[in-house]
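Here are the chains, one letter per residue:
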Protein chains: 2
Amino acid sequence: MKLKLRPLVAAAMTVAALASAATWAMSPNNEPISPLVAHKVTNPAMVELGKKLWFDPRLSKSGFISCNSCHNLSMGGSDNLKTSIGHNWAEGPINSPTVLNSSLNVAQFWDGRAANLKEQAGGPIANPMEMAFTHELAVDMLNSIPGYLGEFKQVFKKDKIDIDQVTDAIAAFEETLVTPNSRFDKWLKGDQKALSKDELEGYKLFRDSGCVACHNGTAVGGNSFQRMGVVEAYKTNNPAEGRVAVTGTDADRFNFKVPTLRNVELTYPYFHDGAADTLSEAVDTMGRIQLGKKFTPQENAKIVAFLKTLTGDQPQLTMPILPPSSDKTPRPQPFAKK
Amino acid sequence: MKLKLRPLVAAAMTVAALASAATWAMSPNNEPISPLVAHKVTNPAMVELGKKLWFDPRLSKSGFISCNSCHNLSMGGSDNLKTSIGHNWAEGPINSPTVLNSSLNVAQFWDGRAANLKEQAGGPIANPMEMAFTHELAVDMLNSIPGYLGEFKQVFKKDKIDIDQVTDAIAAFEETLVTPNSRFDKWLKGDQKALSKDELEGYKLFRDSGCVACHNGTAVGGNSFQRMGVVEAYKTNNPAEGRVAVTGTDADRFNFKVPTLRNVELTYPYFHDGAADTLSEAVDTMGRIQLGKKFTPQENAKIVAFLKTLTGDQPQLTMPILPPSSDKTPRPQPFAKK
């Protein structure tokens, strides 16, 4: 395995990936993937507030779109659409990544333009193609709702709600969305019966073919930016160019954040353009354009079987009851005025 | 009170309303409103399945709109919009009524065109302005998902899923959405401290001014069709004509199902056109056009205070985890093909 991997590693690994490579030796079975650890909540009141904001469509101009609309926690933290639907049915430019385990990502968005979850959380609210609101209007709305005022004050000890508190609370909630106890993690921890023969062979194919060069670490990805199309160019009509939009460095063109493969069974369709409807298609394309490898149907099926063992415990959430608007709360504006 | 009510009762009460009037004598304090009784689940597996369907946006053409989009259980079972947003951002024709306590309604929709919850549940799925799907496509989609196939078979003991099973399960879930234990119900049951002085005075105003002629019974409404604009015509740009669309009887023009006032604090904006943003405005308009009465600001505030005591225990729901689509599941079509 090491012999096969080395040239690719040397060529493509970033500092982040190398850092994660250093942890390989520490994982229970000396594997390049480590088990997920459940998140420990330190500030339950902030998490609960963040959950309310997560589900509150009043953070959008229309009053119709919430964080959960495109990162649906009933559907693997994604919307299962090629690209998302935004305000006024705008066709989004890129596939909505899962929020599950996103706290483990090296950065947020496909191009990593947000350093962390807090920074990310402010993006969609103000994006005219997504929630189409402004931070100022969102904060005004929240400050007009007695139920929110009380809860924010309890958590942040301030008299006025500001956008920093909003994004802090949303990020605190998102940090809880970790999915431990997948069958693969049980296997990593020593339960030999957790995987079937095919699943285990699928994992060995995944590891020894070089997929782990990018999909490694606790999240099986998410920890580096890599070129989409190493061996062969990726053909797409999607205009996104990835990391170059952030760094301005030409070498970063078509570099995207490697998506986590945790819960990948639930987060179809795949790739930044959502072009691959099925895991089978995604594995085939990745083998071809990233590794120059054509997996046989049997190999493909085994890798897919392994990938499905990465589905962990999904968040068990009680739907929040949102504090009602007051008479002073500005009403949503879903439609253009006539 | 009886003297004041009688002429209006004679003029406007339907058979359903009269039937509910007959129960007045049985209520704990001899009041025209009875406490809500929590729903007893007899088939938990069907309810759990119905909950999944309720939250599943794959029942829409776009894969984006679920039952919960317009009857949001975090927001009083409504969307808090004047009229709803449907497929392709269609502007709905009418205000989305709350699903909470809807099992108590004499019929479903503002014009009562569905006899019961099961019949209602099929409507939005196939409405091109709402979920824009067809029953056939919805059923095909469900039949392609192993997780659903197993669960439907367990509940309905049949090999194939059909639309009858789908609407049965959704209705079974909706029947659980009852909101007991409001402060007003506690007062009805004898807890004299459950209401403040203003709230109690508000209730007496509500009762003795004649509001209870239509808003009575367990749901404080929902049990009759009544004319919108008894004393004075209701001015609106909304073209809906109410019950006449179902009966064809000219006398039913502008007759609408009386909405429940349970949880009315959460279900703004009000009326079939969603024209009243606040409870204060709704009370003012109702007094004027239904009763020929101008409430003073003090009276209005007291009635509003009473109405807010009708908020009951909101459903405590664990978000369902939806079974993932299979490779054979047709993918949603949110956007027109290019």
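Conventions used here
Residues numbered from 1 in each chain as written. Chains lettered and ligands numbered in written order. Predicted model: local features only at pLDDT ≥ 70, side-chain atom pairs only at ≥ 80, totals over all residues. Heavy atoms only, no water. UniProt positions renumbered as here; feature names shortened; annotations may be inferred. Phe/Tyr/Trp six-rings, centres within 6.5 Å; stacked < 30°, edge-to-face > 60°. Helix = DSSP H or I, 4+ residues; strand = E, 2+ residues; numbered from the N terminus. Lys NZ or Arg CZ within 6 Å of the ring centre and 35° of its normal. Contact = heavy atoms within 4.5 Å. Buried area = accessible area lost by both parts, 1.4 Å probe. Salt bridge = Lys/Arg side-chain N within 4 Å of Asp/Glu carboxyl O. Polar contact = N/O pair within 3.5 Å; in protein donor to acceptor, adjacent residues only side chain to side chain. Domains from an automatic or database assignment. Nonpolar A, V, L, I, M, F, W, Y, C, P; charged D, E, K, R; others polar. Least-squares fit on C-alpha atoms with pLDDT ≥ 70 in both. Buried < 20%, exposed > 50% of the residue type's maximum accessible area, 1.4 Å probe, protein only. Core = buried A, V, L, I, M, F, W, Y, C linked by side-chain atoms within 4.5 Å. Axes fitted to C-alpha atoms, helices over the stretch in contact; angles between N-to-C directions. Parallel < 35°, antiparallel > 145°, perpendicular 65-115°, else oblique. pLDDT = per-residue confidence, 0-100.

If you look chain A up in an unreviewed UniProt entry, it shows as Cytochrome C biogenesis protein CcsA from Comamonas aquatica DA1877. Database annotation for chain A, UniProt heading Subcellular location (unreviewed entry): "Periplasm".

Chemist: Please clarify how the packing of aromatic side chains should be interpreted in this entry.
Modeler: Here the distance between the centres and the angle between the planes together describe a pair of aromatic rings. Applying the stated criterion to the full structure yields 24 aromatic pairs over all chains. Ring geometry for W54(A) against F173(A): centres 5.7 Å apart, planes inclined by 55°, an arrangement best described as tilted. Of this pair, W54(A) sits in helix α3 (residues 44–55) while F173(A) sits in helix α8 (residues 163–175); the two residues are 119 residues apart in sequence, bridging distant segments of the chain. For the pair F184(B) and F306(B), a centre-to-centre distance of 5.1 Å together with 75° between the ring planes defines the contact as edge-to-face. Taken together, the residues F184(B) in helix α9 (residues 183–188) and F306(B) in helix α13 (residues 297–307) connect sequence positions 122 residues apart. By the ring-pair criterion, three or more aromatic residues cluster together here, those being F184(A), W187(A), Y203(A), F206(A) and F306(A). Here the guanidinium or amino end of R113(A) rests over the ring plane of F109(A), the centre of that ring lying 3.7 Å away. Above the ring of F225(A), the side-chain terminus of R243(A) is found at 4.1 Å from the ring centroid.

Chemist: Honestly, the UniProt feature "domain: Cytochrome c" (unreviewed entry) in chain A in this entry has me stumped. Any pointers?
Modeler: All names here are of chain A. In the numbering used here, UniProt assigns the feature "domain: Cytochrome c" (unreviewed entry) to residues 45–153 and 197–311. This span, residues 45–153, is 39% helix and 4% strand, and a straight line between its end C-alpha atoms measures 11 Å. In this annotation, residues 197–311 is assigned 35% helix and 5% strand; the end-to-end C-alpha distance for the span is 18 Å.

Chemist: Please explain the interface of chain B and chain A as it appears in this structure.
Modeler: Facing the 50 residues of chain B at the interface are 50 residues of chain A. Buried surface at the junction of chain B and chain A, both sides included, amounts to about 4,100 Å², of which 67% is carbon and sulfur. Taken together, the links from chain B to chain A amount to 1 salt bridge. Where D277(A) meets R331(B), a salt bridge forms, and the shortest distance between an N and an O atom there is 4.0 Å. Summed over the shared surface of chain B and chain A, the result is 14 residue pairs in polar contact (both at pLDDT 80 or more). Mapped by element, the contributors of at least two residues to the side of chain B that touches chain A are α4 (67–70), β1 (85–86) and β2 (90–91) of chain B. Looking at the side of chain B that touches chain A, the element that brings in the most residues is α4(B), giving 3 residues.

Chemist: Sorry if this is basic, but what is going on with the domain arrangement of chain A here?
Modeler: Where interface size is given, it is often the accessible area lost as the parts come together that is meant. Residue and element names in this part refer to chain A. Looking at chain A, the domain boundaries give domain 1 (44–176) and domain 2 (183–309). The C-alpha centroid of domain 2 is placed 27 Å from the C-alpha centroid of domain 1. Taken together, the contacts link 23 residues of domain 1 with 28 residues of domain 2. Each partner contributes to the roughly 1,900 Å² buried at the junction of domain 1 and domain 2, and carbon and sulfur atoms together form 58% of this total. Grouping the constituent residues of the side of domain 1 that touches domain 2 by class yields 10 nonpolar, 10 polar and 3 charged.

Chemist: I'm lost on the relation of the copies chain B and chain A in this one. Help?
Modeler: Note on the copies: chain B fits chain A at an RMSD of 0.0 Å, the axial shift is 0.0 Å, and the rotation between them is 180°. Both copies of the chain, as the preceding transformation shows, are related through a two-fold rotation axis. Proximity to the rotation axis, assessed at the C-alpha, singles out T318(B) in chain B; its C-alpha lies 2.2 Å from the axis. When the interface residues of chain B are mapped onto chain A, 100% of them again fall at the interface, so both copies present the same face.

Chemist: Would you mind showing me how to read the environment of F335(A) here?
Modeler: In this structure, F335(A) sits in the segment after α13 (297–307). Classification of F335(A) by relative accessible area gives buried; the value is 16%. Through-space distance from the C-alpha of F335(A) to that of H87(A) is 9.7 Å; in sequence the pair is 248 residues apart. In contact with F335(A), not counting residues within four places along its chain, are T83(B), S84(B), I85(B), W89(B), A90(B), E91(B) and G92(B).

Chemist: Can you walk me through the side chain of H272(A) in this structure?
Modeler: Position of H272(A) relative to the elements: it lies in the loop between β4 (255–257) and α12 (279–291). We classify H272(A) as buried; its relative accessible area is 3%.

Chemist: Teacher, can you tell me more about the UniProt feature "binding site: heme c 2" (unreviewed entry) in chain A here?
Modeler: All names here are of chain A. The UniProt record annotates "binding site: heme c 2" (unreviewed entry) at C211, C214, H215 and M286. Annotated residues spanning 76 residues; largest pairwise C-alpha distance 11.5 Å, indicating a single compact cluster. In this fold, C211 is placed in the loop between α10 (197–208) and β3 (225–227). Other than its neighbours up to four places away in sequence, C211 contacts F206 and L291. Mapped onto the elements, C214 comes out in the loop between α10 and β3. By relative accessible area, which is 16% here, C214 ends up buried.

Chemist: Which parts of the structure should I look at to understand the nonpolar core?
Modeler: If you look at soluble globular proteins, the nonpolar side chains tend to sit buried side by side. Ranked by size, the top nonpolar core spans 82 residues in total, and within it L53(A), L73(A), L53(B) and L73(B) carry the most contacts. In this view, L73(B) contacts M319(A), I321(A), W54(B), F55(B), N68(B), V99(B), L100(B), F173(B), L177(B) and L317(B); residues no more than four positions away in its chain are not counted. Membership of the second largest hydrophobic core comes to 33 residues, among which are A194(A), M228(A), L279(A) and I303(A).

Chemist: I keep staring at the packing of helix α10 (residues 197–209) of chain B against α13(B) and nothing clicks. Help me out?
Modeler: Packed helices, taken two at a time, are described by the angle their axes make and the gap between the axes. Residues and elements named next belong to chain B. The interhelical angle for the contact between α10 and α13, taken along N-to-C directions, is 100°, at an axis separation of 7 Å. Looking at the two axes, α10 sits roughly perpendicular to α13. Across the interface between the two elements, D198, E199, E201, G202, Y203, L205 and F206 of α10 pack against E299, K302, I303, A305, F306 and L307 of α13. The residue makeup of the contact of α10 with α13, split by class, is 7 nonpolar, 1 polar and 5 charged.

Chemist: What should I look at first to understand the confidence of the model for chain A in this one?
Modeler: It should be kept in mind that the predicted coordinates are not to be read in detail where pLDDT is low. With 91% of its residues at a pLDDT of 70 or more, chain A shows a mean pLDDT of 92. Contacts for the low-pLDDT stretch residues 1–26 of chain A, under 50 throughout, to residues beyond four places or in other chains number 40 contacts.

Chemist: Is there a simple way to explain the side chain of D56(A) in this structure?
Modeler: Residue and element names in this part refer to chain A. In this fold, D56 is placed in the loop between α3 and α4 (67–70). Of note is the side chain of D56, whose polar atom sits 2.7 Å from the side chain of Y148. Filtering out sequence-adjacent residues up to four positions away, D56 remains in contact with I65, S66, Y148 and L322.

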